[in-house]
Amino acid sequence: MISDIVRVRFAPSPTGYLHVGGLRTALYNYLFARHTSGKFILRIEDTDRARFVPGAVENLIDTLRWSGLTYDEGPDKDGGFGPYIQSERLEIYKEYTTRLINSGKAYYCFCTPERLKELRESQTEQKLQGKYDKHCLSLSADEIQNKLNNNIPHVVRLNVPANEIVTVHDIIRGTVEFDSNTVDDQVLLKSDGYPTYHLANVVDDHLMKITHVIRGEEWLPSTPKHVLLYNAFGWEIPEFAHLPLLLNPDKSKLSKRQGDVAVEDYRSKGFLKEALVNFVALLGWNAGDDREFYYLDELISGFSLERVNKSGAVFNIEKLNWLNFEHLRQKPVHEVISMLRTELKSSDFSSYEFPDNYLAQVIESMRERVSFVKELLTKSPYFFQLPAGYDEATLKKRWKEDSHLLLSKLRDNFVRLSDPTKEDFENSLHNTALENNVGNGKLIHPLRLAVSGMGEGPGVFDIVAILGKEETIKRIDKALSVLT
Ligand code: GLU
């Protein structure tokens, strides 16, 4: 047994940002770990120096933290299995490579790039699979020592056995078999002394006692190489679970060209972490029913790898928007208030000070109408400033010849109210309509226009009750002076 408790890892390469596919991988690992009371580990796979991006690790950790997927062990959280950054483990990979060389499972290769290129070209010509021809396997011990002494550039390759069936057991896909003859003598240690992904990944999964490797389907073709490596070391093989591809709505592989793929883009657009996590959880998993709205703790209790699908998962942005709406609707008002304050701070309304109970009423009146906190400002700016103007189309439709007179009568009745509630405003408008022998609508629409400048929004009595008597009258006066 690798470990008596489940240990899983999210092992991103820091290439600049966290892809939504990466978030899904992290989430499934997290859910599985929490569901099984296991450990969730963050390991940074940064051995490809060509792809190194400064600041990428910090960005990744920050994004993971924002999403709420807390890890138990990682670069800044030692759990006794560190370092958790591969570039800090180079000596370890060298040591394990030497072990393989000594046991004949791996060998030095001094072939020049030119020779490898020629080999590839002739294989292509003969329509053969591009594979290293084990040329350096026949070097004598003396020849090897000589070349090493002379600092001839070299790599170390895995000596893949011929004619073996390599079996991968995958929780999602079942048993997948590969013919070892199709597996290349994989480079393990590169000429710059850095390990390849394959070596570092297997060594670390072993040393970190990873019990389940949960990762994207794109890594399935690498898995026979990993199995061969485990066998070469004589190590127990972890369970594998390869997650389905993420697809654009046209079923092509999810790409930047068709929309955002970076988690930080969704974050900066104002998506809630609850909604994004909920959405990503459904990209390849369901509980066996058609439920779609989940909180993280519900995902933890419902999650199982057995219920992850094999087929690609379509990224449907409308569903994400809907989930954002739902999660925002369910969010405790004090949380929305603090998010709204952040929005207000960076908006044109920043000079205004609004008390919490005012903002709470604004939020409650708009809950059913917004999918994003930002929309509280764009869809109902009138709660934060005087109407900047009056909507043309609404004016045309709703501002009639008698509107000015009726609105001024309504104003006079409103003035007489003392500390009015929503119902008081409503009764007052109703009485004004009766006194003037008109329907309520003749007053409601001009009133809405006067206080909000718009033709739609929450109930007009909600708006005036939130604004209060003084502000309402001020706005009516302004409208009466502007609109004739
Ligand atoms: N570093 C790989 C990646 O960027 C990890 C793959 C794995 O989980 O084995 O996705």
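Residues numbered from 1 in each chain as written. Predicted model: local features only at pLDDT ≥ 70, side-chain atom pairs only at ≥ 80, totals over all residues. Heavy atoms only, no water.

Some remarks on the pattern of salt bridges
And then number 1: The final tally for this structure, using the stated rule, is 30 salt bridges.
And then number 2: The closest approach of N and O atoms between E326 and R329, which form a salt bridge, is 3.3 Å. Placement of both E326 and R329 in helix α11 (residues 317-330) is noted, with a separation of three residues, approximately one turn of the helix.
And then number 3: Overall, the relative accessible area of 12% leaves E326 in the buried class.
And then number 4: Look at R329 and you get partly exposed, because its relative accessible area is 28%.
And then number 5: By sharing partners, the salt bridges in this structure join R9, R43, E45, R89, D204 and D205 into a single network. (Salt bridge = Lys/Arg side-chain N within 4 Å of Asp/Glu carboxyl O. Helix = DSSP H or I, 4+ residues; strand = E, 2+ residues; numbered from the N terminus. Buried < 20%, exposed > 50% of the residue type's maximum accessible area, 1.4 Å probe, protein only.)

Regarding the environment of H135
And then number 1: For H135, the location among the structural elements is in the loop between α4 (113-125) and α5 (141-149).
And then number 2: When the C-alpha atoms of H135 and C109 are compared, they prove to be 8.0 Å apart, with 26 residues separating the residues in sequence.
And then number 3: The residues contacting H135, other than those within four sequence positions of it, are C111 and R115. (Contact = heavy atoms within 4.5 Å.)

Let's talk about the nonpolar core
And then number 1: Counting residues in each nonpolar core, the largest one holds 103 residues, and the members touching the most others are L340, F383, F384 and L447.
And then number 2: With nine residues, the single largest contributor to this core is helix α1 (residues 20-35).
And then number 3: If we ignore the near neighbours within four places in the chain, the residues touching F383 are F354, Y358, V362, S365, M366, P458, I463, I466 and L467.
And then number 4: Y84, L90, L228 and W235 belong to the second-largest nonpolar core, a separate cluster that totals 34 residues. (Core = buried A, V, L, I, M, F, W, Y, C linked by side-chain atoms within 4.5 Å.)

Here we look at the site of the ligand
And then number 1: In the vicinity of the ligand, the contacting residues are R9, A11, S13, E45, Y197, N201, R215 and W219.
And then number 2: One nitrogen or oxygen atom from the side chain of S13 is found 3.1 Å from a nitrogen atom belonging to the ligand.
And then number 3: Interatomic distance of 2.8 Å between a side-chain N/O atom of Y197 and an oxygen atom of the ligand.
And then number 4: In isolation the ligand has 290 Å² of accessible area, and contact with the protein removes 84% of it.
And then number 5: In terms of residue class, the shell around the ligand is made up of three nonpolar, two polar and three charged. (Near = heavy atom within 4 Å. Polar contact = N/O pair within 3.5 Å; in protein donor to acceptor, adjacent residues only side chain to side chain. Areas by Shrake-Rupley, 256 points an atom, 1.4 Å probe, with all protein chains shown as cover. Nonpolar A, V, L, I, M, F, W, Y, C, P; charged D, E, K, R; others polar.)

Some points on the pairing of strand β1 (residues 7-10)
Residues in a regular strand point their side chains to alternate faces of the sheet.
And then number 1: Here β1 shows two buried faces, one formed by R7 and R9 and the other by V8 and F10.
And then number 2: Examined bridge by bridge, β1 and strand β2 (residues 39-42) share four bridges and lie parallel to one another. Following the sheet pairing, F10 is matched in β2 by L42. (Pairing = 2+ DSSP bridges.)

Some details on the environment of Q123
And then number 1: Mapped onto the elements of the fold, Q123 is located in helix α4.
And then number 2: Taking relative accessible area as the criterion, Q123 reaches 9% and is therefore assigned buried.
And then number 3: Excluding residues within four positions of it along the chain, Q123 makes contact with L128, Q129, G130 and K131.

Structural notes on the side chain of N248
And then number 1: Of note, N248 is situated in the loop between β10 (246-247) and α8 (263-268).
And then number 2: Exposure remark for N248: the relative accessible area of 2% places this residue in the buried category.
And then number 3: When neighbours within four sequence positions are excluded, N248 is seen to be in contact with K253, L254, S255, Q258 and V314.

Description of the state of the cysteines
Should the sulfur atoms of two cysteines be covalently bonded, the bond is a disulfide.
And then number 1: Considering all chains together, one arrives at zero disulfides under this definition.
And then number 2: No disulfide involves C109; its nearest neighbouring cysteine sulfur is the one of C111, lying 3.9 Å away.
And then number 3: Here C136 stays free of any disulfide, with the sulfur of C111 as its closest cysteine sulfur at 3.7 Å. (Disulfide = S-S within 2.5 Å.)

Points about α1
And then number 1: Between the first and last C-alpha of α1 there are 22 Å, a value that for 16 residues agrees with the 22 Å anticipated at 1.5 Å per step.
And then number 2: Taken across its 16 residues, α1 has 14 buried, putting it largely inside the fold.
And then number 3: With its phi angle positive at about 55°, S37 sits one or two positions after the end of α1. (Expected span 1.5 Å × (residues − 1).)

Things to note about the packing of aromatic side chains
And then number 1: If you walk through the whole model with that rule in mind, you get 20 aromatic pairs.
And then number 2: Centre to centre, the rings of Y28 and F303 are 5.1 Å apart; their planes meet at 55°, and the pair counts as tilted. Taken together, the residues span a long stretch of sequence, with Y28 in helix α1 and F303 in the loop between α10 (296-302) and β11 (313-314) at a distance of 275 residues.
And then number 3: Ring geometry for Y197 versus W219: centroids 4.4 Å apart, planes at 45°, classification tilted. Taken together, the positions of Y197 in helix α6 (residues 197-207) and W219 in the loop between β8 (212-216) and α7 (223-233) put the pair 22 residues apart, joining distant regions of the chain.
And then number 4: Its relative accessible area of 33% is what places W219 among the partly exposed residues.
And then number 5: By way of ring pairs, the aromatic residues Y266, F271, F279, F315 and F372 are connected into one cluster.
And then number 6: One Lys or Arg, R7, reaches over the ring of F81 and ends 3.8 Å from the middle of that ring.
And then number 7: Sitting over the face of the ring of Y294, R291 holds its NZ or CZ atom 4.2 Å from the ring centroid. (Phe/Tyr/Trp six-rings, centres within 6.5 Å; stacked < 30°, edge-to-face > 60°. Lys NZ or Arg CZ within 6 Å of the ring centre and 35° of its normal.)

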